[in-house]
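# Results of the structural survey
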Amino acid sequence: MKGLVVTPAYFPDKSKGGSITGCRSFAKAISLIHQLEIGTLDTTNEGERVSEVDEIKVSYFKITKGLEWLSSSGWGFSLKFSFWFIKNYKKFDYIYIRSLWNYISLFTSIICILTGKNYGISSSGKFSKYALRSSFTKKIIILPLILFILKKASFIHYPTTKEYNSTPKYISKLTKPIILNTAIDIKENLSEESNKSPIIKRKLIYTVSRFDEIKRIEIIAKLSSERFPNIDFVHIGNYQDNFGYFNKIKNIYKNNKITINYKFDNLIDFDKPAQRVFFPGYMEINAVDELIKQYQESYFMQMSYSEGQSNSILEAMARGSTCIVSEGCNMQKAKEHDSIIIANEHNLIREINKLWKKDLLMDKLRDNQYKFLKDFHSSKNISIQFDENIRSLL
C-alpha cells in the first residue's frame, strides 16, 4: 500500500520535541511494509525541497505569509502545499493526518471528504483535557468543523487504550479507532552496554522534554532539597523557548544552593559538589545516549499532567535508564509488565529511596523493560499491526 503522512513540521525541526520524534518513529516503522511519503512545511527556513529522511521521501513546502495573527507559525498556511496535494492525493491509498489544529491538516481533511479519499487522524494527546484547553477560544470556534472531519475519517489512531478511554465520548464515538503503540528503535546490545564501567561514579536524574508547565519539571527540581549525595540533575530541552518557566525551575535549584551549569565542561570534575544541575539545551538522541553511558546509574523522570505516549520515556527505556513517570504519561501497560514505576509528587521520594535500597528491583525493571519494548514497541510489530488494521478498515 501507498500512504501519505501530512504533518505541519518534521525533522530537522527540533522545536516541537516529542511530536516530531513520534511522527518520525511512526513513519520509519510503517515504511517497513508500506510505500510512504511525507508532506510537511519548511519550518526551519531551509527552502522548499524534496529530501529523504530515514529513506522516506519528504516534501517540504513554503509557508504562505498572512495568518501570523492567528499564530506565530502562520497557522501552517501554505498555498504551495495546497496545490501539490490537489495534484497528487489520488496516487495514495490513504492519507494519515498527524496534526489537526492547523491549515494543512484541515485542508487535507476537507479535500479527502470532498473526493472520497480514505484518511485517518492521529490522536497523540490532542484530545486530552489539557490539550483541548490550550488556545480554547480558537478551538471552540472551529469545533463543529473538527467534529465533522473526525466523523468522516476512516479511523482515529490512539497510541494506548487509556488514551482512547479518556478521550471525550463525543469524539471517540465518531469513527473507528486504531489502538496502536508508538514504535521505538531498540538496542540489541543493551545488556552489554549496561555492564561497561562508567566514567562518572554518580547517579544521574534527567528529563528530556520541552520547557512547558504541562511537563511539571519543577517536581524533579524540588528533589534537590533532599540533599541526595553524588547526584547530577540534567534537564535536556530548549529552555530558551519558555524563559519564564525555565527561571522558575532554575530558582528552585538556586534556593537549594546548587550551582547552575549550561555546559558539560566540568562533568568529570572529581572536586565536584554533592549535587549539580545542568541545562544543556537541545541534544540529539545519540548525544543523550552517550551521556547516559558515562554514569554509574541513570534515572529518567517525567511528571507530566498528560502525554499521548511519550517517545522520551520509550527512548529512556531503550537506553537502559530506570524510568519513574506520572500516571498522566500513559504508561500503564508498562507498569502492568513491571518495567516502569508510576509515581506522583507525594510519593516520588519514597519510590526513589525504595529503588536505591533494592538493587534486585532495579535489575528486574531493566530486564522487564527490554522485553516490554520488544513485545509491544518494535518497529516490525507496529508495522504489521498497522497494515492489518488499515486493510480491514479501508
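Scroll up for the structure.
In what follows, the accompanying structure is described. (Residues numbered from 1 in each chain as written. Predicted model: local features only at pLDDT ≥ 70, side-chain atom pairs only at ≥ 80, totals over all residues. Heavy atoms only, no water.)

## Some details on the sheet that holds strand 2 (residues 35-41)
Convention followed: Paired strands, as defined in this entry, are two strands with at least two bridges between them according to DSSP. Secondary structure is summarised from DSSP: a helix means a run of H or I of at least four residues, a strand means a run of E of at least two, and numbering begins at the N terminus for each. As a rule, the C-alpha atoms of each element are fitted with a line to give its axis, helices using only the stretch in contact, and angles between N-to-C directions run from 0 to 180 degrees. Two residues qualify as a contact provided that any one of their heavy atoms is within 4.5 Å of a heavy atom in the partner residue.
An order of 3-4-2-1-5-6-7-8 is seen for the eight strands of this open sheet, with the pairing classed as mixed. For this open sheet the edge positions go to strand 3 (49-53) and strand 8 (177-179), each flanked by a neighbour on one side alone. Each strand axis lies, on average, 25° off the axis of its neighbour in the sheet, ignoring direction. In the packing of helix 3 (residues 103-115) onto the sheet, the strands contacted are strand 1 (2-6), strand 2, strand 5 (94-97) and strand 6 (119-122), and the crossing angle to strand 5 comes to about 150°.

## Details of the pattern of salt bridges
Rule in force here: Just to be clear on terms, a salt bridge is a Lys or Arg side-chain nitrogen sitting within 4 Å of an Asp or Glu carboxyl oxygen. Burial here depends on accessible area, computed with a 1.4 Å probe over protein chains only, as a share of the maximum for the residue type. Under 20% is buried, over 50% is exposed, and the range in between is partly exposed.
Under the definition given, this model contains 18 salt bridges. Ionic pairing is found between Lys28 and Asp185, a salt bridge with its closest N-O pair at 2.8 Å. Of this pair, Lys28 sits in helix 1 (residues 18-30) while Asp185 sits in the loop between strand 8 and helix 8 (190-194), and the two are 157 residues apart along the sequence. Between Asp289 and Arg319 there is a salt bridge whose closest N-O contact spans 2.7 Å. With Asp289 in helix 11 (residues 285-293) and Arg319 in the loop between helix 12 (311-318) and strand 14 (322-325), this pair connects stretches of sequence that are 30 residues apart. Taking the relative accessible area as the measure of exposure, Asp289 reaches 8% and is therefore buried. Salt bridges sharing partners connect three or more residues here, namely Lys2, Glu37 and Lys91.

## So, the packing of aromatic side chains
To keep things clear, this is the line we draw: Stacked, edge-to-face and tilted are the three classes for Phe, Tyr and Trp ring pairs, Trp counted by its six-membered ring, which pair at centre distances within 6.5 Å; planes under 30 degrees apart are stacked, over 60 edge-to-face, the rest tilted. A positively charged side chain is recorded as over a ring if its NZ (Lys) or CZ (Arg) lies within 6 Å of the ring centre. The angle to the ring normal must also be within 35 degrees.
Enumeration over the complete set of coordinates arrives at 30 aromatic pairs. Taken together, a centroid distance of 6.1 Å and an interplanar angle of 35° make the contact between Phe81 and Trp84 tilted. Residue Phe81 and its partner Trp84 are both found in helix 2 (residues 79-88); the two are separated by three residues, about one turn of the helix. The same class applies to Phe81 and to Trp84, which are both buried. Each member of the aromatic cluster is reached from another via a ring pair, and the members are Phe211, Phe233, Tyr239, Phe243, Phe246, Tyr253, Tyr262 and Phe279. Arg49 extends its terminal NZ or CZ atom over the ring of Tyr60, reaching a point 3.8 Å from the ring centre. The aromatic ring of Trp356 is capped on one face by Lys203, whose charged end is 5.0 Å from the ring centroid.

## Notes on the nonpolar core
As a reminder, the rule being used: Definition used in this section: a nonpolar core is a set of buried Ala, Val, Leu, Ile, Met, Phe, Trp, Tyr and Cys residues joined via side-chain atoms within 4.5 Å.
Phe81, Phe85, Ile95, Tyr119, Ile121 and Leu150 are the most contacted members of the largest nonpolar core, which totals 32 residues. Looking at this core, the elements with two or more residues in it are strand 1, helix 2, strand 5, helix 3, strand 6, helix 5 (136-152) and strand 7 (155-158). The element best represented in this core is helix 3, accounting for six residues. Beyond its immediate stretch of four places on either side in the chain, Ile95 contacts Leu4, Val6, Phe85, Thr108, Cys112, Lys117, Asn118, Tyr119 and Gly120. With 31 residues, the next largest nonpolar core counts Phe211, Tyr239, Ile252 and Tyr299 among its residues.

## Quick look at the sheet that holds strand 10 (residues 231-236)
Taken in spatial order, the seven strands make up an open sheet running 11-12-10-9-13-14-15, and their pairing is parallel. Here the strands that pair on one side only, and so sit at the sheet edges, are strand 11 (260-261) and strand 15 (341-342). Both strand 9 (residues 200-208) and strand 10 contribute to a ladder of six bridges, which runs parallel. Opposite Tyr206, over in strand 10, you have Val234 as the bridge partner. Helix 14 (residues 348-357) contacts strand 9, strand 10, strand 13 (295-302), strand 14 and strand 15 of the sheet and is inclined by roughly 155° relative to strand 13. Packed on one face of the sheet, helix 15 (residues 359-376) meets strand 13, strand 14 and strand 15 and runs near 90° to strand 14.

## Structural notes on unusual backbone geometry
A cis amide bond links Phe11 to the next residue, Pro12, at an omega of 15°. Residue position: Pro12 is located in the loop between strand 1 and helix 1. Even without being a glycine, Glu55 presents a positive backbone phi close to 65°. With respect to the secondary-structure elements, Glu55 resides in the loop between strand 3 and strand 4 (56-61). What makes Glu55 exposed here is its relative accessible area of 75%. Residue Arg227 is not a glycine yet carries a positive backbone phi of 55°. Relative to the helices and strands, Arg227 resides in the loop between helix 9 (217-221) and strand 10.

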